[in-house]
There are 2 protein chains.
Amino acid sequence: MEQSVQKRAATWIWYPGDFEIRLLEKISVKRRARDVMYPTTWRIDRQYSNIKFRYTYDLPQEEQIAIAAEGVFSLYLDGRDNNRSGDSTITLPAGRHEIIVSVFNDVEAPALFIDGVNIRSDSAWEVTSYQNDWLTPGSWTFDSADNRPSQFRLAVTPQEPALQEVRDGHILLDFGRETFGFLRFHGLAGSGDVTVFYGESLAEALSPDDCMLLDRFSVAKAAERAEADIYTLDEGKAFRYVWIHADPGVRWEHVSMLYEYVPLDYRSSFQCSDPKLNEIYEMSLYTLHLNTREFFIDGIKRDRWVWSGDAYQSFLMNYYSFFDLDVTRRTLVALRGKDPLTMHFNTILDYSFYWFISLYDYYLYSGDFAFIRQYYDRAVSLMEFCLKQRNSEGLVEGRPQDWVFVDWADLTNTGAVSTEQILLVRSLEAMSLFASLLDDEKAAASYKKLAEEIKATTMGLFWDEERGGLLHHRVDGETKPMLTKHASMFAMTFGYLSQEQRESVIHNVMLNPDVPRIRTPYMRFHELAVLCESGEHDYVRREMLSYWGGMIELGATSFWEEYDPSLADDAHYGMYGMPFGKSLCHAWGASPIYLIGKYFLGVTPAAPGYELYRITPNLGGLTHMNGTVPIGEGQVTLEMDSSSIRVESTSGTGILTFTSEEPPACSEGEVRNIGGSSYEVTIEAGKKYRVDYRAVLRG
Amino acid sequence: MEQSVQKRAATWIWYPGDFEIRLLEKISVKRRARDVMYPTTWRIDRQYSNIKFRYTYDLPQEEQIAIAAEGVFSLYLDGRDNNRSGDSTITLPAGRHEIIVSVFNDVEAPALFIDGVNIRSDSAWEVTSYQNDWLTPGSWTFDSADNRPSQFRLAVTPQEPALQEVRDGHILLDFGRETFGFLRFHGLAGSGDVTVFYGESLAEALSPDDCMLLDRFSVAKAAERAEADIYTLDEGKAFRYVWIHADPGVRWEHVSMLYEYVPLDYRSSFQCSDPKLNEIYEMSLYTLHLNTREFFIDGIKRDRWVWSGDAYQSFLMNYYSFFDLDVTRRTLVALRGKDPLTMHFNTILDYSFYWFISLYDYYLYSGDFAFIRQYYDRAVSLMEFCLKQRNSEGLVEGRPQDWVFVDWADLTNTGAVSTEQILLVRSLEAMSLFASLLDDEKAAASYKKLAEEIKATTMGLFWDEERGGLLHHRVDGETKPMLTKHASMFAMTFGYLSQEQRESVIHNVMLNPDVPRIRTPYMRFHELAVLCESGEHDYVRREMLSYWGGMIELGATSFWEEYDPSLADDAHYGMYGMPFGKSLCHAWGASPIYLIGKYFLGVTPAAPGYELYRITPNLGGLTHMNGTVPIGEGQVTLEMDSSSIRVESTSGTGILTFTSEEPPACSEGEVRNIGGSSYEVTIEAGKKYRVDYRAVLRG
């Protein structure tokens, strides 16, 4: 690459994806079963240890550069590889020359930082893993020699317990709500051992034999590691309560914690006439924030793993709240990992497909195609891997080693499962779009054709005209009579159904009590979204109040992995055969963020990066609401009651759509009738709009 | 797996190949350009960090076991993965249970050591990388908890310099001959810096600006690291001479070294009537020994890398000297590395093929099929990778990113190169044999058919009837007129030529001065072997005396990477554009070991593991010779002059074959005439044979 006029700061660069892959390796072994390691049950991928950077410059005069590396490096010019330097400063000769730097690191991802007046490491360099690949390197916000990628840590801030009391002679602390971080002992003295029992619930902390997390240490060990008389425990944990058992000879001044978190902007907001829904919204944000870490994880107590299906939902919630693209990209890159592909993401067939769909969403919400371009090859090879599993009818099936998951339910997922076909079709559509944007029209057409074929086959083989929905699976060429909601839901969301089919699905499948209920918040995310897409906002609002409100009634301070109102007392905390096995802070519990932002405030991108977007607010039974939704760098602010809508945005062009019983008025923009009682107003950035209308009451 | 009656000691176990792959990673960055890192120019593979072991036992009573791991481990029983223990001792309940142990290590290869009365880690366990693979784990001689695989180091022993003198005011040490190890300063004191210039030759050590290796350190740094007043330098180096430049304030008592080496049995021997040939044989052994390390490397000064084509020759030399199967296996496993296969071994097409042939040789010489079985899958996938490169005529061609090497010579290796086809055919034959031994007759037949097809195509397209040899390459469907020795040599060695073709190759190609000469000891290995196979022992003996003897005349104490008698003085040391670029201790320089053992002493396996073998001694112009060749655990000892042959072996059955001008006599066994003046005697183990005969003088 040619040197161009350099104005950018130097930044650490590495082999693309390897920072994320190394970080995921570290994170994948953070889970604890009490105080014992519980690593992910899939292959952990590893960064390359041996890589090489290059850059061609043309300098009118010699220039001194400073070189820092994560690992051992050697630098040479113009291919003269026997004349290497490992010095941390070097003077580059004037003229046109190619700098090459080998970096080796067998622990952390090899990385390079070069700083000079004109010559600086940045994305204009290239990197190879010695496999005939010269790629744009990875980089992020590591912009000084001392700010090393391998040292990346989340932020921490001190927090004090809200309450302290003694239970059965032992100190019990309550930090007021669910939190995550490192417990700290101040002024620890004496001798003996300390055991800390953590609880997301009070009952869990008070159950030394059954709590999911604990720490043990001796005062002597703590003394060695204490700084400024504060002993901070090594491992961050999820908890609200801690119960501290100590030998009689042990004493301390007090106990606090370091809350560990990603600094995020809360870029969305929502207030409405129902205080309970407001509380649900705020608690959803907090739940998502706790699970937004190095990556989007499933739950902070358990599993602390990066699951592709869970992340898919977190990505969507994030677009309606923090709009943090860094954690999104980190998660997408880390999930894809390295070749060879032998197992699906998290061993789950559907979870490979969610990755493609997540990539599509990323592009739609962010408009950032550079990221897609950088990882397109990895998407292509993943798709090749997936397509190898098609049967003689062209439908994808699980291999014996695959987990065909769909949902936690009593599902028989043998043969070709309809939901998997729908997800594959959507994945192929995403690939077709990407290929087209890369001007590879041949690939684009090929993906598109395959998508259409599989979609047609799926609708043909699974759609049950009589029962009005997609049947669940097909074994040995025979479609089984089982009817479930899943495939129909996704087909509807992705726009694969006719209007007639949509209506049938809503009434004959989604709202049909004879079709097996969806019990997990994981799949309820999709179920409630589909109901909103069919205008069932009022129903969804009541569901939110009952389901999420139900958890709050039980004292939740963050939303759970699962909630079954029929359980009694501490039985709520049990799961997986363990009395406190349930995660009480699970990312997918935060879906009201998405439902409210997308379907109540009603903001959705209509072109990548919100260049064009729709605002289709729906009170869904509320008397008023106001809120903010991030749209990339900018935001849409909306306030609505039954007679007025106020909208303001900072970027792009919005189309406000709403229904009104009488012709609405807006002095800031033209109101267009688009049929029946539906109207729209174009919203230009930087202008305040007020629309006077009369809400249509639903029959 | 079921527990069987346990008598074996506990041993460290790991994911198969990962010990070797991790070790290769460390070794691949040992090369230095002066004092700067020069890593391998291909991808370095990495061991898995996250693996899991399992073992099912049935115990009449409970048993306590001790658990050690390289990395963090957690143990659980019967799939109860929420009930994990990280304790170093645990009591296993009586009855039938499955133990599962997760081990994670992001630096060294994860490994496990379990010791109990009945339950011990060994090859009866299984291991997975969470990719639907439950494999027999790797293990070796790490048989105590403290003897950790990651701590594997070669042996060291102190050596003193043979001579010390002062040159230009600086101490010059001569260690008497080429060696490898860590320089040691005893009683280092004062202050200031020390620079050590290393030389394989005197001229190199005395060339501070051009020597290939150097070390710099300050007395202060040395003092920090010294033990018992001895400062041992961190890095082992290849050298005979060191020239030590120190600041005036620096002093020391004396300088010695720690010789670093693999403890090997010198299991072969050779003495003959020509003292120069004896010296060549001994120096060859020493040369090979120095290059026999963690793996078979090319040269101890440079590159210190594991090259598959070089290793192929070292394997063969090793079978005729140390018969060390450990370093052979380590090298084979490490070369294969991990998937995905994107580049050929060392980036060289032919080097992937040599690996298959080396695997075949390993089986032939050792009879150890268990090793082949363990890595067969990796051979299958490598062959799949290779076969993707066949062109429309079915011939293999290099891709743009491949190095089609063949030899260091002015070769144009575009298109389909005949040597590559011959190597591929041999590789397919090896795969066919392995498949057959694994009772996969379908695969065996498929490999065999492919081998025959490619062989027939190759002979058809490349054999030049007029010029009597195989032409070099074929581009765009046209065989080019270039005639080289390489393909014909390999075709002859692998038995692909008719008797008529063989004779033509010897006279029209091998001994034809108009065919480009082979100049590298690398390819001379094969050339001289072929000449021996054609009975040209006398010629080969004279070549050895002239080529290898020539290096000795110039003061060599180990054999070089290349030798050109036409060069003058220090010009011998130059290569790759550097005055001392040539390696003076290069494994392939040791080929007289192989030539003498295989073709003069004449011992070759006729069935895997030397169950049956041939002894076809040939004096090749010597008046007498005696020697020993290892045949697995045992050995053949032979003594021969023009009138008697004495043979003794310790295992297997040998067929002694020789020619005699008159009917020979042997009182210990029956002499059979096998046509003309050729005779054979069956040699039973443990019996001394003496054959009286009269040598046939060659025309």
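Note that the structure is a prediction, hence the values are computed from the model and not measured.

**Digging into the environment of B:Gly550**
Residue and element names in this part refer to chain B.
And then number 1: Position of Gly550 relative to the elements: it lies in helix H14 (residues 537-553).
And then number 2: Of the residues examined, Gly550 reaches a relative accessible area of 9% and is grouped as buried.
And then number 3: Sequence spacing of Gly550 and Pro565 is 15 residues, and the spatial spacing of their C-alpha atoms is 7.1 Å.

**Notes on the sheet that holds strand E8 (residues 95-104) of chain A**
All names here are of chain A.
And then number 1: Read from one edge to the other, the open sheet built from four strands follows the order E6-E8-E4-E10, with strand pairing classed as antiparallel. On the outer flanks of this sheet lie strand E6 (72-77) and strand E10 (126-128), each paired with one strand and no other. Pairs of neighbouring strands in the sheet enclose a mean axial angle of 20°, with direction left out of account.
And then number 2: Where strand E4 (residues 50-59) and E8 come together, ten bridges link them in antiparallel fashion. Its bridge partner being in E8, Tyr57 is matched across the sheet by His97.

**A few points about the pattern of salt bridges**
Residue and element names in this part refer to chain A.
And then number 1: Taken as a whole and assessed by the stated rule, the structure comprises 89 salt bridges over all chains.
And then number 2: Salt-bridge contacts for Arg293 lead to Glu260; the nearest nitrogen and oxygen are separated by 2.5 Å. Taken as a pair, Arg293 in the loop between helix H4 (275-291) and helix H5 (308-319) and Glu260 in strand E20 (residues 254-261) lie far apart in primary sequence, 33 residues in all.
And then number 3: On the basis of relative accessible area, Glu260 is assigned to the buried category, the value being 10%.

**Notes on the relation of the copies chain A and chain B**
There are two copies of the chain, and a rotation about an axis plus a shift along that axis relates them.
And then number 1: It takes a turn of 180° to lay chain A on chain B, together with a shift of 0.0 Å along the axis; the resulting RMSD is 0.0 Å. Both copies are brought into coincidence by an operation consistent with a two-fold rotation axis. The rotation axis passes nearest to the C-alpha of A:Pro340 in chain A, at a distance of 2.5 Å.
And then number 2: A share of 100% of the interface residues of chain A reappears at the interface of chain B, consistent with the copies meeting face to face through the same patch.

**Some remarks on the sheet that holds strand E32 (residues 653-659) of chain B**
Residue and element names in this part refer to chain B.
And then number 1: Strand order in the open sheet made by the five strands is E27-E28-E32-E35-E34, with mixed pairing throughout. Bordering the open sheet on either side are strand E27 (603-605) and strand E34 (671-673), each of which pairs with just one other strand. Adjacent strand axes in the sheet meet at a mean angle of 25° when their direction is disregarded.
And then number 2: As paired strands, strand E28 (residues 612-615) and E32 are joined by four bridges and run parallel to one another. Across the sheet, residue Ile615 finds its bridge partner in E32, namely Leu656.

**Notes on the packing of H5(A) against helix H7 (residues 349-366) of chain A**
Residues and elements named next belong to chain A.
And then number 1: Running from N to C, H5 and H7 cross one another at 15°; their axes reach a closest spacing of 8 Å. Classified by the angle between their axes, H5 and H7 sit roughly parallel to one another. Between H5 and H7 lies a crossing of left-handed hand. On the side of H5, the interface is formed by Ser308, Gly309, Asp310, Tyr312, Phe315, Leu316 and Tyr319, while H7 contributes Tyr351, Tyr354, Trp355, Ile357, Ser358, Asp361, Tyr362 and Tyr365.
And then number 2: Classifying every residue of the contact of H5 with H7 gives ten nonpolar, three polar and two charged.

**Side note on helix H12 (residues 499-510) of chain A**
And then number 1: For H12(A), every residue scored as buried is listed here: A:Gln501, A:Arg502, A:Ser504, A:Val505, A:Ile506, A:Val509 and A:Met510.
And then number 2: Elements in contact with the buried residues of H12(A): helix H10 (441-462), strand E23 (463-464), strand E24 (469-470), helix H11 (486-493) and helix H13 (521-533) of chain A.

**Structural notes on the interface of chain A and chain B**
And then number 1: Counting residues at the interface gives 42 residues for chain A and 42 residues for chain B.
And then number 2: Between chain A and chain B the total buried area reaches about 3,700 Å² when both faces are included, carbon and sulfur atoms providing 59% of it.
And then number 3: The largest share of the area that chain A buries against chain B comes from A:Met37, A:Arg46 and A:Asn82, three residues that together contribute 17% of it.
And then number 4: For the pair chain A and chain B, the interface holds two salt bridges.

**Considerations on the UniProt feature "domain: Alpha-rhamnosidase-like N-terminal" (unreviewed entry) in chain A**
And then number 1: The UniProt record marks residues 52-244 of chain A with the feature "domain: Alpha-rhamnosidase-like N-terminal" (unreviewed entry), using the residue numbering of this structure.
And then number 2: Secondary structure content for residues 52-244 of chain A is 6% helix and 50% strand, and the end C-alpha separation is 51 Å.

**Points about the pairing of strand E18 (residues 237-246) of chain A**
Residues and elements named next belong to chain A.
And then number 1: Among the ten residues in E18, nine count as buried, and that is most of the element.
And then number 2: Bridge count between strand E13 (residues 170-186) and E18: seven bridges; the pairing is antiparallel. Across the sheet, residue Leu173 finds its bridge partner in E18, namely Val242.
And then number 3: Summarising the sheet, strand E15 (residues 193-199) and E18 pair through six bridges and their orientation is antiparallel. Across the sheet, residue Gly199 finds its bridge partner in E18, namely Tyr241.

**Let's talk about the side chain of A:His537**
Residues and elements named next belong to chain A.
And then number 1: Tracing the backbone through its elements, the reader meets His537 in helix H14 (residues 537-553).
And then number 2: Engagement of the side chain of His537 in a polar contact is seen with the side chain of Asn618, the distance being 3.2 Å.
And then number 3: Once residues lying within four places of it in the same chain are set aside, the contact partners of His537 are Cys532, Tyr599, Phe600, Asn618 and Gly620.

**Section: the nonpolar core**
And then number 1: The biggest cluster of nonpolar side chains holds 202 residues, and the ones touching the most others in it are A:Leu183, A:Phe185 and A:Met625.
And then number 2: No other element matches the twelve residues that H7(A) contributes to this core.
And then number 3: When residues no more than four places from it in sequence are discounted, the contact partners of A:Met625 are A:Phe270, A:Gln271, A:Cys272, A:Phe600, A:Leu601, A:Pro617, A:Asn618, A:Leu619, A:Leu638, A:Glu639 and A:Met640.
And then number 4: B:Tyr354, B:Met431, B:Phe434 and B:Tyr693 belong to the second-largest nonpolar core, a separate cluster that totals 201 residues.

**Focus: the domain arrangement of chain A**
And then number 1: Along its sequence, chain A is carved into domain 1 (13-149), domain 2 (155-261) and domain 3 (601-692).
And then number 2: For domain 1 of chain A and domain 3 of chain A, the distance between their C-alpha centres works out to 47 Å.

**Comments concerning unusual backbone geometry**
And then number 1: Across the junction of A:Asp339 and A:Pro340, the peptide omega takes the value 0°, indicating a cis bond.
And then number 2: Among the structural elements, A:Pro340 can be located in the loop between helix H6 (325-336) and H7.
And then number 3: The omega torsion across B:Arg302 and B:Asp303 is 5°, close enough to zero to call that bond cis.
And then number 4: In this fold, B:Asp303 is placed in the loop between helix H4 (275-291) and helix H5 (308-319).
And then number 5: One non-glycine residue, A:Asp569, adopts positive backbone phi at about 50°.
And then number 6: Along the chain, the position of A:Asp569 falls in the loop between H14 and helix H15 (592-600).
And then number 7: You can call A:Asp569 exposed: its relative accessible area is 65%.
And then number 8: Despite not being glycine, B:Arg304 has its phi angle at roughly 55°, a positive value.
And then number 9: Tracing the backbone shows B:Arg304 in the loop between H4 and H5.

Quick notes on the rules
Residues numbered from 1 in each chain as written. Chains lettered and ligands numbered in written order. Predicted model: local features only at pLDDT ≥ 70, side-chain atom pairs only at ≥ 80, totals over all residues. Heavy atoms only, no water. Helix = DSSP H or I, 4+ residues; strand = E, 2+ residues; numbered from the N terminus. Buried < 20%, exposed > 50% of the residue type's maximum accessible area, 1.4 Å probe, protein only. Pairing = 2+ DSSP bridges. Axes fitted to C-alpha atoms, helices over the stretch in contact; angles between N-to-C directions. Salt bridge = Lys/Arg side-chain N within 4 Å of Asp/Glu carboxyl O. Least-squares fit on C-alpha atoms with pLDDT ≥ 70 in both. Contact = heavy atoms within 4.5 Å. Parallel < 35°, antiparallel > 145°, perpendicular 65-115°, else oblique. Left-handed = near helix turned anticlockwise from the far one by under 90°. Nonpolar A, V, L, I, M, F, W, Y, C, P; charged D, E, K, R; others polar. Buried area = accessible area lost by both parts, 1.4 Å probe. UniProt positions renumbered as here; feature names shortened; annotations may be inferred. Polar contact = N/O pair within 3.5 Å; in protein donor to acceptor, adjacent residues only side chain to side chain. Core = buried A, V, L, I, M, F, W, Y, C linked by side-chain atoms within 4.5 Å. Domains from an automatic or database assignment.

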